[in-house]
Amino acid sequence: MTGVVLFSTLAFNLLYLALAFDPSPLQDFCVLDAKSPGCKKPETVTADDFFFSGMHLPSNTTNPYRAGLKAAHIPGLNGQGLTLARLDFLPNGIIPPHYHPRAAEILTVLEGSMEVGFVTSFPNYKQYPKVLNKGDVFVVPVGLAHYQRSVGKVNTVVLSAVNSQNAGIVEVGGSMFGAKPAINSDYLAMAYRLDKKTVEQLQSKPWA
């Protein structure tokens, strides 16, 4: 299993409830209908449509990143502009640098310790890093590159929420070195001040 599984799972879960880009609601709710496109009839909606059980169970961390994600698949979240997920990290587990083009993210540590940081845009590229412990909360502004890594000796559990049902996820390295068709390697070598052989090695890795 390669590290691409983590980002594929993350992308799938972030898109699970997505129908469009977070329009303002025109009704009380629009619960997704699993049997047909569109919303359930209000008279068929029950409390279970706004409920999810299982966030106490860990996600799969058997990948090179030693981290995993489980999204709360709640039909009633459709149209509410929210996505909720559990992140699990083994000791030294990481989520590589990435950004969400359509959402801010709020992280709450439930167990363990994690370093999180985001970097501002050009020209400053200022980093805002912070080590979080149990009970700590951190906000990542919309569209800024950020990373997470476990820094404790025990497993870390984090609750992640983004203010979009289709936040999107772009891995910083994968978007450049994993592009299909491949970006010109001479260009990438010049842009990132690397030798061409290193670029070609990076491009040969499974990014997506």
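Residues numbered from 1 in each chain as written. Predicted model: local features only at pLDDT ≥ 70, side-chain atom pairs only at ≥ 80, totals over all residues. Heavy atoms only, no water.

- As recorded in an unreviewed UniProt entry, the chain goes by Germin-like protein and comes from Salvia divinorum.
- In its Subcellular location (unreviewed entry) section, the UniProt entry covering the chain states "Secreted, Extracellular space, Apoplast". (UniProt positions renumbered as here; feature names shortened; annotations may be inferred.)

**Re the layout of surface pockets**
Phase 1: Within this model, the largest pocket holds a volume of roughly 390 Å³.
Phase 2: Lining the largest pocket are 14 residues, and of these Y99, Y125, A145, V172 and Y192 sit closest to its centre.
Phase 3: Classifying every residue of the lining of the largest pocket by side-chain character gives nine nonpolar, five polar and no charged. (1 Å grid on protein atoms, 1.4 Å probe; cavity = no way out; pocket = protein on both sides within 12 Å on 5 of 7 lines; lining within 4 Å. Points joined across faces, edges and corners; volume = space filled by probe spheres on them. Nonpolar A, V, L, I, M, F, W, Y, C, P; charged D, E, K, R; others polar.)

**Some points on the packing of aromatic side chains**
The description of an aromatic ring pair uses the distance of the two centres, along with the angle that the planes make with each other.
Phase 1: Within the structure shown, the criterion is met by six aromatic pairs.
Phase 2: With a centroid separation of 6.0 Å and 45° between ring planes, the pair formed by F118 and F138 is classed as tilted. Of the two residues, F118 is situated in strand β5 (residues 113-119) and F138 in strand β7 (residues 137-140); the sequence distance between them amounts to 20 residues. Pair check on accessibility: F118 and F138 agree, each one buried.
Phase 3: On the basis of an interplanar angle of 65° and a centroid distance of 6.0 Å, the ring pair of F122 and Y125 is categorised as edge-to-face.
Phase 4: Counting every residue linked through ring pairs, the aromatic cluster contains F118, Y128 and F138. (Phe/Tyr/Trp six-rings, centres within 6.5 Å; stacked < 30°, edge-to-face > 60°. Helix = DSSP H or I, 4+ residues; strand = E, 2+ residues; numbered from the N terminus. Buried < 20%, exposed > 50% of the residue type's maximum accessible area, 1.4 Å probe, protein only.)

**A closer look at the sheet that holds strand β6 (residues 127-133)**
Phase 1: Pairing in this open sheet of five strands is antiparallel, and the strands run β6-β5-β8-β3-β10 from one edge to the other. Strands with a single pairing partner mark the edges of an open sheet, and in this sheet they are β6 and β10 (170-171).
Phase 2: Sheet analysis places β5 next to β6, joined by seven bridges and oriented antiparallel. Looking at β6, one finds that E115 is bridged to V131. (Pairing = 2+ DSSP bridges.)

**Focus: the environment of H100**
Phase 1: Topologically, H100 is positioned in the loop between β3 (94-99) and β4 (105-111).
Phase 2: Separated by 43 residues in the primary sequence, H100 and G143 have C-alpha atoms spaced 5.2 Å apart.
Phase 3: A polar side-chain atom of H100 sits 3.3 Å from a polar atom in the side chain of E105. (Polar contact = N/O pair within 3.5 Å; in protein donor to acceptor, adjacent residues only side chain to side chain.)

**Focus: the pattern of salt bridges**
Phase 1: The tally for this structure, following the rule as stated, stands at five salt bridges.
Phase 2: Close ionic contact of R86 with D88 constitutes a salt bridge, the shortest N to O distance being 2.8 Å. Of the two residues examined, R86 and D88, each falls in the buried class.
Phase 3: Put simply, K196 and D186 hold a salt bridge, and the shortest N to O gap is 3.6 Å. Linking K196 in helix α4 (residues 196-203) with D186 in helix α3 (residues 185-191), this pair joins segments that are ten residues apart in sequence. (Salt bridge = Lys/Arg side-chain N within 4 Å of Asp/Glu carboxyl O.)

**A few points about the UniProt feature "binding site: Mn(2+)" (unreviewed entry) in the chain**
Phase 1: If you check UniProt for "binding site: Mn(2+)" (unreviewed entry), the listed places come out as H98, H100, E105 and H146 in our numbering. Sequence-wise these annotated residues cover 49 residues; spatially they are packed, their C-alpha atoms never more than 11.9 Å apart.
Phase 2: One can find E105 in strand β4.
Phase 3: Residue contacts for E105: discarding those within four places in its chain leaves H100, F138, V139, V140, H146, Q148, S160, A161 and V162.
Phase 4: For H146, the position within the fold is in strand β8 (residues 146-150).
Phase 5: Note on H146: relative accessible area 2%, which makes it buried.
Phase 6: Excluding residues that lie within four positions of it along the chain, H146 makes contacts with P96, P97, H98, Y99, H100, E105, G117, F118 and V140. (Contact = heavy atoms within 4.5 Å.)

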